Protein chains: 2
Amino acid sequence: MDEFKVIEIKKSVFENNDREADRVRARLKKEHTFLLNLMSSPGSGKTTTLKATISRLKDEMKIGVMEADIDSSVDAKAIADTGVKSIQLHTGGMCHLDAGMTEQGINEFGTDDLDLVVLENVGNLVCPAEFDTGAVKNAMILSVPEGDDKPLKYPLMFSICDAVIINKIDTKSVFDFDDDAVVERIKKLNPKAEIFFISAKTGEGVDAWCDWLKQQVNAWCK
Amino acid sequence: MDEFKVIEIKKSVFENNDREADRVRARLKKEHTFLLNLMSSPGSGKTTTLKATISRLKDEMKIGVMEADIDSSVDAKAIADTGVKSIQLHTGGMCHLDAGMTEQGINEFGTDDLDLVVLENVGNLVCPAEFDTGAVKNAMILSVPEGDDKPLKYPLMFSICDAVIINKIDTKSVFDFDDDAVVERIKKLNPKAEIFFISAKTGEGVDAWCDWLKQQVNAWCK
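Residues numbered from 1 in each chain as written. Chains lettered and ligands numbered in written order. Predicted model: local features only at pLDDT ≥ 70, side-chain atom pairs only at ≥ 80, totals over all residues. Heavy atoms only, no water.

Draft legend 1. How the structure looks around the confidence of the model for chain A. Residue and element names in this part refer to chain A. Chain-level statistics for chain A give a pLDDT mean of 90 and a share of 95% at 70 or above. A low-confidence stretch, residues 1-7 stays under pLDDT 50, and its non-local contacts, those more than four residues away or across chains, total zero contacts. This prediction of the complex comes with two scores: 0.85 for pTM and 0.77 for ipTM. (pLDDT = per-residue confidence, 0-100. Contact = heavy atoms within 4.5 Å.)

Draft legend 2. Region of the structure containing the pairing of strand β2 (residues 63-69) of chain A. Residues and elements named next belong to chain A. Counted residue by residue, β2 has seven buried out of seven residues, so it is predominantly covered. Across five bridges, the pairing between β2 and strand β4 (residues 116-120) is parallel. If you follow Glu67 over to β4, its bridge partner there is Glu120. In this fold, β2 hands off to helix α3 (residues 74-80), which returns the chain to strand β3 (residues 85-90); that crossover is right-handed. (Buried < 20%, exposed > 50% of the residue type's maximum accessible area, 1.4 Å probe, protein only. Helix = DSSP H or I, 4+ residues; strand = E, 2+ residues; numbered from the N terminus. Pairing = 2+ DSSP bridges. Right-handed = clockwise from strand over helix to strand, strands pointing away.)

Draft legend 3. Local environment of the sheet that holds strand β7 (residues 163-167) of chain B. Residues and elements named next belong to chain B. Strand order across the open sheet formed by seven strands is β4-β3-β5-β2-β6-β7-β8, with parallel pairing between neighbours. A strand with exactly one partner marks an edge of an open sheet, and here the two such strands are β4 (85-90) and β8 (194-197). Taken pair by pair, the neighbouring strands of this sheet meet at an average axis angle of 20°, ignoring direction. Docked against the sheet, helix α7 (residues 179-189) engages β6 (137-143), β7 and β8, running at close to 160° with respect to β8. (Axes fitted to C-alpha atoms, helices over the stretch in contact; angles between N-to-C directions.)

Draft legend 4. Spatial organisation of the environment of B:Cys221. Residue and element names in this part refer to chain B. Along the chain, the position of Cys221 falls in helix α8 (residues 206-221). A sequence separation of 106 residues divides Cys221 from Asp115, and the C-alpha atoms of the two residues are 7.3 Å apart. Residue contacts for Cys221: discarding those within four places in its chain leaves His32, Thr33, Phe34 and Asp115.

Draft legend 5. Looking closely at the pairing of strand β2 (residues 34-40) of chain B. Residues and elements named next belong to chain B. Across the seven residues that make up β2, a large majority, seven, are buried. Side-chain alternation along β2 places Phe34, Leu36, Leu38 and Ser40 on one buried face and Leu35, Asn37 and Met39 on a second face that is also buried. Summarising the sheet, β2 and strand β5 (residues 116-120) pair through five bridges and their orientation is parallel. Its bridge partner being in β5, Asn37 is matched across the sheet by Leu119. The pairing of β2 with β6 spans five bridges and is classified as parallel. If you follow Asn37 over to β6, its bridge partner there is Asn138.

Draft legend 6. Up close: the relation of the copies chain A and chain B. Mapping chain A onto chain B calls for a rotation angle of 180° and an axial translation of 0.1 Å; the resulting RMSD is 0.1 Å. What the superposition gives is, in effect, a two-fold axis relating one chain to the other. (Least-squares fit on C-alpha atoms with pLDDT ≥ 70 in both.)

Draft legend 7. Quick look at the state of the cysteines. Residue and element names in this part refer to chain A. Summed over the entire model, instances satisfying the criterion amount to zero disulfides over all chains. Among the cysteines around Cys161, which has no disulfide bond, Cys127 carries the closest sulfur, lying 14 Å off. Note on Cys161: relative accessible area 2%, which makes it buried. (Disulfide = S-S within 2.5 Å.)

Draft legend 8. Local environment of the nonpolar core. With 140 residues, the main nonpolar core has A:Leu116, A:Trp209, B:Leu116 and B:Trp209 as its most contacted residues. With residues up to four places along the chain from it excluded, the contact list for B:Leu116 reads B:Phe34, B:Leu36, B:Leu57, B:Met61, B:Lys62, B:Ile63, B:Gly64, B:Leu213 and B:Val217. (Core = buried A, V, L, I, M, F, W, Y, C linked by side-chain atoms within 4.5 Å.)

Draft legend 9. Spotlight on the pattern of salt bridges. Applying the stated criterion across every chain yields a total of 23 salt bridges over all chains. Among the salt bridges present, the one from B:Arg185 reaches B:Asp148, with a minimum N-O distance of 3.1 Å. A residue pair is termed long-range when its members are at least 10 positions apart, and B:Arg185 in helix α7 and B:Asp148 in the loop between β6 and α5 (150-153) qualify at 37 residues. On the basis of relative accessibility, which here comes to 27%, the residue B:Arg185 falls in the partly exposed class. A relative accessible area of 16% means that B:Asp148 is categorised as buried. Here B:Lys172 makes a salt bridge to B:Asp179, at a shortest N to O gap of 2.6 Å. Judged by relative accessible area, B:Lys172 falls into the partly exposed class, the value being 27%. Connected via shared salt-bridge partners are A:Glu20, A:Arg23 and A:Glu103. (Salt bridge = Lys/Arg side-chain N within 4 Å of Asp/Glu carboxyl O.)

Draft legend 10. Inspection of the interface of chain A and chain B at higher detail. Opposite the 47 residues of chain A that make contact, chain B presents 41 residues. Overall, the association of chain A and chain B removes approximately 3,800 Å² of surface from exposure, summing both partners, and the carbon and sulfur fraction of that is 59%. Considering only the side of chain A, the residues that lose the most area to chain B are A:Pro42, A:His90 and A:Lys153, jointly responsible for 15% of the buried surface there. A salt bridge links A:Asp75 to B:Lys153; its shortest N-O distance comes to 2.6 Å. At the boundary of chain A and chain B, one finds seven residue pairs in polar contact (both at pLDDT 80 or more). (Buried area = accessible area lost by both parts, 1.4 Å probe. Polar contact = N/O pair within 3.5 Å; in protein donor to acceptor, adjacent residues only side chain to side chain.)

Draft legend 11. Molecular detail of the environment of A:Leu89. All names here are of chain A. Of note, Leu89 is situated in strand β3. We classify Leu89 as buried; its relative accessible area is 0%. For the pair Leu89 and Asp71, spaced 18 residues apart in the sequence, the C-alpha separation amounts to 8.7 Å.

Draft legend 12. Expanded view of the packing of aromatic side chains. Following the criterion strictly, the structure yields seven aromatic pairs over all chains and no others. Their ring planes at 55° and their centres at 6.1 Å tell us that B:Phe196 and B:Trp212 sit as a pair that is tilted. Of this pair, B:Phe196 sits in strand β8 while B:Trp212 sits in helix α8, and the two are 16 residues apart along the sequence. Of the two residues, B:Phe196 and B:Trp212, neither departs from the other in class, the shared state being buried. Through a chain of ring-to-ring contacts, the aromatic side chains of A:Phe196, A:Trp209 and A:Trp212 assemble into a single cluster. Sitting above the plane of the A:Trp220 ring, A:Lys29 keeps its charged end 4.4 Å from the centroid. (Phe/Tyr/Trp six-rings, centres within 6.5 Å; stacked < 30°, edge-to-face > 60°. Lys NZ or Arg CZ within 6 Å of the ring centre and 35° of its normal.)

This is the structure:
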């Protein structure tokens, strides 16, 4: 007989979260609303990519953005300027969003009149990867300045994303970044990942990403 | 009136490990060993900065590096190539190091023959800021491509660091980065912070950072 008891706290936290996430997805399906969970490191260009995405898609679908941040409302202000509905979620120090927090956000936000809701998660390549938010699809951004070795160091994040956006390709001249190496590393972790090379700043490659996103929204909402 | 709403989702997961951290520091004081906790986002150049620092200081003091990563040993390999003692700590999914984990690392590593030990924390601007590792000083790196707004979005990290290194200044031509704005934002959070503008790649500004670090080590170890 064991002399001590082992309690799997982490496992039960994840199991509860998974049930909650499934509930969020079922509700979104009923509302014909697609939720995209967008993750990345701080400063990889989530908000700029989002602005470029909104400007291409806002005439075709109703879009809303939920901006999660530990503090500050700079991103929600930037998104509000694009004219789409936006809300700021303050996590009060938490490094990620879980399904319960996402549900709170959705309740306050009111998503049933929206086709696409983007959840901009906290800037972090670690914790957000562990919690299913209830999103229909997960996407992440890796920016060129961060380096092509990031899939080796943050494998879970790259494994759980349906789409990986490589941003800031306009800055390649000043960084050593190997496109083939990064694709190979991502595909090894996640063979089904869709990979898009873009510059949210210049617009290069953004159309292909938006086409993919539009397909996902249409498939879910039809 | 604001065009967006702010919701406070407050969930505290912070556990106080201050006592353990103080115990680590008392032990280091006895050993005449200085521990630096180095933090940043993924890809801001922690390892490259460390290599540039080691090459300048290794003839004057005995240096060791503890590399914390969720997975992989790419950084420890890079540091081992510089000829200093190094160890890789795998956090097994954890997004930060606390004092207990740091103590485990120190026990395994054996630090009493070293003057300076650098703890390269997990790439993350959120969680590592909440946990005192037992280090004598905290330093962080913000790289130019991440943007000058990061002190607004990750205030705790900027508040708890004794030194803030702004890295990759050689890439300024391709980014909008306002030096004065970033200094003002950091000083507002943390008036005593020492701020260094460097390029770990070209070596620009690295001497000033190393001079400061040397002073800190000498003051602690005398």
